Amino acid sequence: MKLYAQVALPLPLYKTFTYRVPSEIQEFIKVGMSVVVPFRQRELRGVVVKLPTQSGVIESRVKNIQEIAYSDFCLSSRYLSFSQRLADYFLIPWGEILELAFPRPLGDLYQKRVKLTEKGQESITIPARKLSAQEKRILEFIRHKDYSLFYLRRKLKEIDVISVVSRLKKKGLVEVFLARKSHPLFTKIEPKSKESHQLSIPFLFGDPASFVSQEIMEKIKSNKARQFYLRGSVEWRQEIYLLLIERLLSQENQVLILVPEISHGTKLVTQLQDRFGEAVVFFHSQLTPKKIWSTWKEVVEGRARIIVGPRSALFLPCPRLALIIVEEEPATSYYQMEKPRYDPRKGAWIRAEEEGAGVVFGGSVPRVETYLRCQKKGFVFSETAKKEANHRVIIDEFISAKELFSPKLKEKLHQAAEDNQQCLLFFNRLGRSFHFFCPNCHQFLKCPDCGKPLLEKAGSKKKVSCPSGHVEYSGPLKCPQCQRQLVKYKEYGIDRVVKEVKKLFPQAKVSEVSSESMISKKKLDRMRRKFINKKIDFLIGTEMILHQPLEETVDMAVALLPEIALELPEFDAGEKMYQSLNKLNQFLSSTSESKLWIQTSLPEHHVFRAFQEGDYEFFYKKELDVRQMMHLPPFFRLIQVFFWGKPMSQLGRESRAFLAYLTKITKIDWVGPNLTFHPQQRRVRGIQLLLRIPSPKFDLLIDKLKDYFRQKNLSPWIRVQG
């Protein structure tokens, strides 16, 4: 009997490929297995998603599957359904998602290796004068054996291996070739010995955390709800996590805990290991290939009961998954901008539905979309039921085109300096462009087409244009509403803040934290230690500073002109600002004298008022009203489509054909097309469209878009939000 296989390959194409199953492996092959197949002039590893008895294509064009990559394992039907739903939601080719189910050592078929040529052997025997010390070091290292480029880079960290090997290759001393990789040997993770590992005492039942965990378990068992939100402090949330895990482990289940960054998971893993011992594993990309393989085996065979990891851990094939915990759910680093682009917070809910598991989100300031979904289809548990005004927050109204600090703030900073207090100034702008602001209407001059703030054109002091090139103005600029002269925020970047602070306090020790000043992790860690050890008086930073572990070390925190971030063309700008202020508040020391100072020209903005009153519900309702009125998430979904990588004439034809197709589909609004730069590669130009789809119609319309891309064989850059 002829048997065929539809294989999803890790390619930017919205379709599967048909291959013939050889007779010798027909009795072994299953849906969900990883197989090696020929594709054009190379070999690729894909996943079998269907085993039909008819190919549906011309028989002479069908090629054979070469081998089963890993015969002892196949993905479950539940996992395949989850991955397909996630791929459909974020318009990702299915094969690119299924590739993430297998560890990196299993994903790469070939690796680049380096070996000496005959000329290279002679150069070692008879040293050449024209060889550098680095070139000689590499030649000596590979003298008796060939090595992979990855191994050489890991062993010779002090050398730029890629460039040095490239020079040696041009000289004919080394040869770089592709070699088939062998699977790393499985090594079982050894449990810690009892002498060196002592488990901590469990929490006592009967406290509020115990009641919350018990209620969550009861609702999951009764199928009343499968998603929950824990809004409160880290300590309160972790108590509930531990109690939930303890209840589930007694039933031989697995628990997956997602964290936004690897650094967030280190401390959590230590706490879990103190409580549950060797049942905890930490899966992340910085492990060695052998450790990645071993940890993955522990998970898929069910021996690892508690799995902690960043967003990539969502795709681990856990056979007995009962609960997914998404810790620090509001963190912006969860959304993956690299290929494939997806949001693991939405993915966690999709997987929980397919696995019949529960999902618990945790955070002190929830995202509006997640909070709304949990209120409608789940339950929300808050540590404090009523609002509590934050008396340490001071809102200072100040508008000036010349002065950076208000007189009140200057006085407060001088007082802090006299009392030897440490100050943290948050200003989220590098200052490479100038904004134009109306002091009467409290609004920035924006582009009428795309809503982005207009900026001063490079090389001209009299022209103002849209960043996407829609409009351009020249001459005196006036507010379109009140006709008042606009104020130019000149040099309002972090550089100016640093200069002003050094001018006011010439004897103080001032440091800057930004993407330009902190070019390495070591430099950032060194700065953080100096600040914690009281060797820095004023620490001035952009958003990067909010991700540093500075909890309860700051005497005074200042949010300087935060309304600039509120005017960014992002639907969740207000939500991000509320979260930033909350993080700054967590940096304050526990003393009653510590203050969070907000200097703004918009003191009545709902973000600042809600934060000062400690009323998240007020902020949440205001955000919902604004988003519903403006047709933004969670009521609408936003899809950013960017055509690139081809001649501009061809991109123009593709975008026009796509627009013609959109006109045939109802309930889709769009902005564009715009000629602009790539969202991640600023030197690459292309054509962009922004689609807006009502949430109730999203599933139906997204299928039509995917069918269009499949038929046209297109794979544009796509980002789905909401």
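Colleague: Tell me what's going on with the sheet that holds strand β27 (residues 556–560), and back it up with residues and numbers.
Modeller: Across the sheet, which stays open at both edges, the six strands sit in the order β17-β28-β27-β18-β26-β25 with parallel pairing between neighbours. Edge positions in the sheet fall to β17 (393–397) and β25 (510–513), since each has one partner strand and no second. Taking the axes of each pair of neighbouring strands and ignoring which way they run, one obtains an average angle of 20° across the sheet. Relative to strand β26 (residues 538–541), β25 runs parallel, the two being bridged by four bridges. Bridge assignment links V513 to a residue of β26, and that residue is G541.

Colleague: Break down the nonpolar core for me, citing the residues and quoting the values.
Modeller: L75, L98, W296, I639, F658, L705 and F709 are the most contacted members of the largest nonpolar core, which totals 75 residues. Among residues more than four places away in sequence, those in contact with I639 are L91, L689, L690, L691, I693, F698, I702, L705, I718, R719 and V720. The next biggest cluster of nonpolar side chains, apart from the first, holds 39 residues, and it includes F426, V513, Y578 and F608.

Colleague: Lay out unusual backbone geometry in plain terms, naming residues and giving numbers.
Modeller: Excluding glycine, residues mostly have negative phi values, and the peptide bonds linking residues are mostly trans. The residue after K339, namely P340, is reached through a cis peptide bond having omega -5°. When you line up the elements, P340 lands in the loop between β14 (321–326) and α12 (344–355). The step from P633 to P634 runs through a cis peptide bond, and the omega angle for that step is 10°. Summarising the element assignment, P634 is placed in the loop between α20 (616–629) and β29 (636–643).

Colleague: Which residues make up the packing of helix α9 (residues 234–249) against helix α10 (residues 262–276), and what values go with them?
Modeller: As a packed pair, α9 and α10 sit with axes 12 Å apart at the nearest point and diverge in direction by 45°. With respect to their mutual orientation, α9 and α10 come out oblique. Note that α9 runs across α10; the crossing there is right-handed. Residues Q238, L242, I245, E246 and L249 of α9 pack against L268, Q271, L272, R275 and F276 of α10.

Colleague: Talk me through the pattern of salt bridges; I want residue IDs and the actual numbers.
Modeller: Enumeration over the complete set of coordinates arrives at 38 salt bridges. Here E329 and R367 are joined by a salt bridge, their closest N and O atoms 2.8 Å apart. Of this pair, E329 sits in the loop between β14 and α12 while R367 sits in the loop between β15 (358–363) and α13 (368–377); the two residues are 38 residues apart in sequence, bridging distant segments of the chain. No difference in accessibility class separates E329 from R367, as the two residues are buried. If you follow the salt bridges from partner to partner, you end up with E329, D343, R345, R367, E369, E575, E623 and R627 in one network.

Colleague: Any chance you could break down the packing of aromatic side chains for me, citing the residues and the numbers?
Modeller: All chains considered together, the criterion is met by 29 aromatic pairs. When the centroid spacing of 5.6 Å and the interplanar angle of 80° are considered together, the rings of Y79 and F82 count as edge-to-face. Residue Y79 and its partner F82 are located together in helix α1 (residues 77–89), separated by three residues, close to a single helical turn. The exposure class of Y79 is buried, given its relative accessible area of 2%. Geometrically, the ring pair formed by F505 and F538 is stacked, given 4.8 Å between the ring centres and 20° between the ring planes. Of this pair, F505 sits in the loop between α15 (494–504) and β25 while F538 sits in strand β26, placing them 33 residues apart in sequence. A relative accessible area of 7% places F505 in the buried class. Members of the aromatic cluster, each reached through a chain of ring pairs, are Y229, F361, Y371, Y578, F611, Y616, F619 and Y620. In this arrangement the basic side chain of K115 is found over the ring face of F177, its NZ or CZ atom lying 5.2 Å from the centre. Its guanidinium or amino end placed over the ring of F82, R351 lies 5.5 Å from that ring's centre, counting from NZ or CZ.

Colleague: How would you summarise the confidence of the model for the protein chain if you had to cite specific residues and measurements?
Modeller: Of the residues in the protein chain, 88% reach a pLDDT of 70 or more, and the chain-wide mean stands at 83. Long-range and interchain partners of residues 185–206, a stretch whose pLDDT sits below 50, account for 42 contacts in this model, where long-range means more than four residues apart.

Colleague: Talk me through the side chain of Q254; I want residue IDs and the actual numbers.
Modeller: Looking at the secondary structure, you find Q254 in strand β11 (residues 254–258). Judged by relative accessible area, Q254 falls into the buried class, the value being 0%. A polar contact of 2.8 Å, which involves the side chain of Q254, links it to the backbone oxygen of A304. Aside from chain neighbours lying at most four places away, what touches Q254 is V299, G302, A304, R305, I307, C318, P319, R320, L321, A322 and L323.

Colleague: Can you break down the sheet that holds strand β16 (residues 379–382) residue by residue, with the values?
Modeller: Taken in spatial order, the seven strands of this open sheet run β12-β13-β11-β14-β15-β10-β16, and their pairing is parallel. Both outer strands of the open sheet, β12 (280–282) and β16, are each paired with one neighbouring strand and no more. Geometrically, the sheet is characterised by an average inter-axis angle of 15° between neighbouring strands, direction not taken into account. Looking at chain direction, strand β10 (residues 227–231) and β15 are connected through five bridges and run parallel. Among the inter-strand pairings, F228 is bridged to a residue of β15, identified as V360. This element, helix α8 (residues 208–221), spans β10, β14, β15 and β16 of the sheet and lies at about 165° to β10. The strands that α13 touches are β10, β15 and β16; relative to β10, the one it contacts most, it runs at about 125°.

Colleague: Explain helix α5 (residues 133–141) to me, and be specific about the residues and the numbers.
Modeller: Along α5, the residues classified as buried are E135, I138 and L139. Projected onto a plane normal to the axis of α5, the buried residues spread over an arc of 100° and lie on a single side.

Colleague: Quick one: what's the story with the pairing of strand β18 (residues 423–426), residue by residue and with numbers?
Modeller: Side chains of β18 alternate between two faces, with C423 and L425 and L424 and F426 buried alike. Both β18 and β26 contribute to a ladder of four bridges, which runs parallel. What sits directly across from L424, in β26, is L539. Pairing between β18 and β27: four bridges, direction parallel.

Colleague: Explain the environment of L11 residue by residue, including any values.
Modeller: Within the secondary structure, L11 sits in the loop between β1 (4–8) and β2 (17–20). Once the C-alpha coordinates of L11 and W94 are considered, the two residues, 83 residues apart in sequence, prove to be 8.8 Å apart. Contact partners of L11, with chain neighbours within four places excluded, come to F17, F39, R42, L44, P93 and E96.

Colleague: Summarise the pairing of β27; cite the residues concerned and give the values.
Modeller: Among the five residues of β27, five are classified as buried, and the element is accordingly described as predominantly covered. Here β27 shows two buried faces, one formed by M556, V558 and L560 and the other by A557 and A559. The pairing of β27 with strand β28 (residues 595–600) spans five bridges and is classified as parallel. Residue pairing in the sheet places A559 in a bridge with I598 of β28.

Colleague: Now, about a positive patch on the surface: what can you tell me, with residues and values included?
Modeller: Taken together, R154, K155, K157, K509, K522, K523, R526, R529, K530 and K535 make up a surface patch of like positive charges. Residue assignment for the positive patch shows that the elements contributing at least two residues are α6 (149–155) and α16 (521–532). Counting residues per element, the positive patch draws most heavily on α16, which supplies five residues. Structurally, K509 can be placed in the loop between α15 and β25.

Colleague: I'd like a description of the packing of α5 against helix α7 (residues 161–170), backed by residues and values.
Modeller: Their axes nearest at 10 Å, the elements α5 and α7 cross at an angle of 85°. With respect to α7, the element α5 is oriented roughly perpendicular. Taking contact as the criterion, the partners of Q134, E135, I138 and L139 in α5 are, on α7, V161, V164, V165, R167 and L168.

Here is what the cut-offs are and how they apply
- Residues numbered from 1 in each chain as written.
- Predicted model: local features only at pLDDT ≥ 70, side-chain atom pairs only at ≥ 80, totals over all residues.
- Heavy atoms only, no water.
- Pairing = 2+ DSSP bridges.
- Helix = DSSP H or I, 4+ residues; strand = E, 2+ residues; numbered from the N terminus.
- Axes fitted to C-alpha atoms, helices over the stretch in contact; angles between N-to-C directions.
- Core = buried A, V, L, I, M, F, W, Y, C linked by side-chain atoms within 4.5 Å.
- Buried < 20%, exposed > 50% of the residue type's maximum accessible area, 1.4 Å probe, protein only.
- Contact = heavy atoms within 4.5 Å.
- Parallel < 35°, antiparallel > 145°, perpendicular 65-115°, else oblique.
- Left-handed = near helix turned anticlockwise from the far one by under 90°.
- Salt bridge = Lys/Arg side-chain N within 4 Å of Asp/Glu carboxyl O.
- Phe/Tyr/Trp six-rings, centres within 6.5 Å; stacked < 30°, edge-to-face > 60°.
- Lys NZ or Arg CZ within 6 Å of the ring centre and 35° of its normal.
- pLDDT = per-residue confidence, 0-100.
- Polar contact = N/O pair within 3.5 Å; in protein donor to acceptor, adjacent residues only side chain to side chain.
- Arc of directions from axis to C-beta.
- Patch = residues over 30% accessible without salt bridge, like charges linked within 9 Å, V, L, I, M, F, W, Y side chains within 5 Å.
- Areas by Shrake-Rupley, 256 points an atom, 1.4 Å probe, with all protein chains shown as cover.
- Lys, Arg positive; Asp, Glu negative; His and termini not counted.
- Charge placed at Lys NZ, Arg CZ, Asp CG, Glu CD.

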